[in-house]
Amino acid sequence: MKIQYLNGGLANQVFQYIFVRYAQLAHPENDDWVFDDSFFYVNAVHNGYELEKVFHLHPNLLSQNFDTDTWAQFIKNKQQGISIPQSFKDLGFNIEMISEFENYKSHNPFDGMIHRVPSNAYIPEITGLQGDFLYYHGYWLHPDWFRKYRAIFLEELALSPIPDGQNARYAEMIQSSRSVAVHIRRGDYVKLGWATDAACYLKKTKEILTLYPDAVFFIFSDDITWCRKNQEALGFLLPSKTIYVEGNEKGANHIDLHLMSLCKIMLLGKSAFGYLGMLLNKQLEKCIFLT
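Definitions and cut-offs
- Residues numbered from 1 in each chain as written.
- Predicted model: local features only at pLDDT ≥ 70, side-chain atom pairs only at ≥ 80, totals over all residues.
- Heavy atoms only, no water.
- Salt bridge = Lys/Arg side-chain N within 4 Å of Asp/Glu carboxyl O.
- Helix = DSSP H or I, 4+ residues; strand = E, 2+ residues; numbered from the N terminus.
- Pairing = 2+ DSSP bridges.
- Axes fitted to C-alpha atoms, helices over the stretch in contact; angles between N-to-C directions.
- Contact = heavy atoms within 4.5 Å.
- Polar contact = N/O pair within 3.5 Å; in protein donor to acceptor, adjacent residues only side chain to side chain.
- Buried < 20%, exposed > 50% of the residue type's maximum accessible area, 1.4 Å probe, protein only.
- 1 Å grid on protein atoms, 1.4 Å probe; cavity = no way out; pocket = protein on both sides within 12 Å on 5 of 7 lines; lining within 4 Å.
- Points joined across faces, edges and corners; volume = space filled by probe spheres on them.
- Nonpolar A, V, L, I, M, F, W, Y, C, P; charged D, E, K, R; others polar.
- Parallel < 35°, antiparallel > 145°, perpendicular 65-115°, else oblique.
- Left-handed = near helix turned anticlockwise from the far one by under 90°.

It is worth spelling out the pattern of salt bridges at this point. For the coordinates displayed, the defined rule picks out 9 salt bridges. We note a salt bridge from Lys89 to Asp111, for which the minimum N-O separation is 3.2 Å. Note that Lys89 is positioned in helix α5 (residues 84-90) and Asp111 in the loop between α6 (104-107) and β4 (114-116), a separation of 22 residues in sequence. As a salt-bridge pair, Glu102 and Arg116 come within 2.9 Å of each other at their nearest N and O atoms. Remark: Arg116 occurs in strand β4 and Glu102 occurs in the loop between β3 (95-99) and α6; sequence separation between them is 14 residues.

In structure tokens:
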């Protein structure tokens, strides 16, 4: 059995799904994959588990492979700091971990054999490893996990139609203009010191307008209020038209993802959400990354 840790927000969950589907498509003879969904039983972050709600996917979840009492014991262990892979090891199973991040020490503390791989790298060989139980801890953000089977993923990850109302009007404006999606992640990134400086957006905004003077900027963010207050520093007063996309909160953020995927140009910072919007974008002409 191969187990992939499932955690984080919608985009992280999708990238973990892509990694497992890549492995299944590349090695159809070895399809015994399961997702460890225990994270969502002990954490209330973002909008919870969303693969089924947003994409109507039905992955094989670890919680569905045990009776209620057994799974409750696994969750009790996790609440006491005993991770799923550690519980398996303590039960006598021969389990090893493949991890691309050191944060397994906090997310999935494990005293067994651990194979570290470079973060955000494309190493297809790891999907074909053999063992009794292999536990994969990572987000697997490299685009090549997606690109090899792009046509399949675009079909499996098709977003629901954009609802009528304001979002339909946003979609119409995006599709009828030289639209630029600008994604600004704030929230926990500010506390972690990962937020991108406004000056970086100003520089890239000027570069885009040099190439595309008629560009219309569509601003997507988890903190639109901050973006409005700092629009001059961010360069958003320079375009002839800047539109702040608002209202898609409380579980509706996937609509922002869909709208971004319709834009012709994308300006992205450090965010898996924006990165996923780029991969799902079928009409993308240019993508600019902030450094």
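Having seen the structure, we can now continue with the description.
Picture the strands of a sheet paired through backbone hydrogen bonds; they go either parallel or antiparallel. What the 5 strands build is an open sheet, ordered β2-β1-β5-β3-β4; its pairing is parallel. Edge positions in the sheet fall to β2 (33-36) and β4, since each has one partner strand and no second. Taken over all neighbouring pairs, the strand axes of this sheet differ in orientation by 25° on average, direction set aside. In the sheet, β3 pairs with β4 via 3 bridges, with the strands oriented parallel. Bridged to Met97 within β4 is Ile114. This element, helix α1 (residues 10-26), spans β1 (2-5), β2 and β5 (133-137) of the sheet and lies at about 170° to β2.

Note that Ser271 resides in the loop between β9 (265-268) and α15 (272-279). Of the polar contacts made by the side chain of Ser271, one reaches the backbone nitrogen of Phe273; its length is 3.2 Å. Sequence-distant contacts of Ser271, defined by excluding residues within four places in its chain, comprise His183, Arg185 and Tyr189.

Below, the discussion takes up the environment of Lys78. You can see Lys78 is positioned in helix α4 (residues 68-79). Classification of Lys78 by relative accessible area gives buried; the value is 12%. C-alpha of Lys78 to C-alpha of Val42: the two residues are 36 residues apart in sequence and 7.8 Å apart in space. Beyond its immediate sequence surroundings of up to four residues, Lys78 is in contact with Tyr5, Ser38, Phe39, Val42, His107 and Asn108.

Right, let's get into empty space enclosed by the protein. Using the criterion set out here, one finds 2 cavities of 30 Å³ or more in the structure. Estimated volume of the largest cavity: approximately 50 Å³. For the largest cavity, the full set of lining residues is His183, Ile184, Arg185, Tyr189, Trp194, Ala195, Thr196, Tyr201, Gly269, Lys270 and Ser271. Among the residues forming the lining of the largest cavity, the class breakdown is 5 nonpolar, 4 polar and 2 charged. Taken as a whole, the second largest cavity spans an internal volume of roughly 30 Å³. As for the second largest cavity, its lining consists of Tyr5, Asn7, Phe101, Asn103, His107, His137, Gly138 and Tyr139. Among the residues forming the lining of the second largest cavity, the class breakdown is 3 nonpolar, 5 polar and no charged.

Moving on: the packing of helix α14 (residues 253-260) against α15. The N-to-C vectors of α14 and α15 enclose an angle of 45°; their axes lie 8 Å apart at closest approach. By the angle class used here, α14 and α15 are oblique. Two packed elements cross with a definite hand, and for α14 against α15 that hand is right-handed. Contact with α14, carried on its side by Asn253, Asp256, Leu257 and Met260, involves Phe273, Gly274, Leu276 and Gly277 of α15 and no other residues of that element. When its residues are assigned to classes, the contact of α14 with α15 shows 4 nonpolar, 3 polar and 1 charged.

Interpretation in functional terms is not warranted from these geometric data alone.
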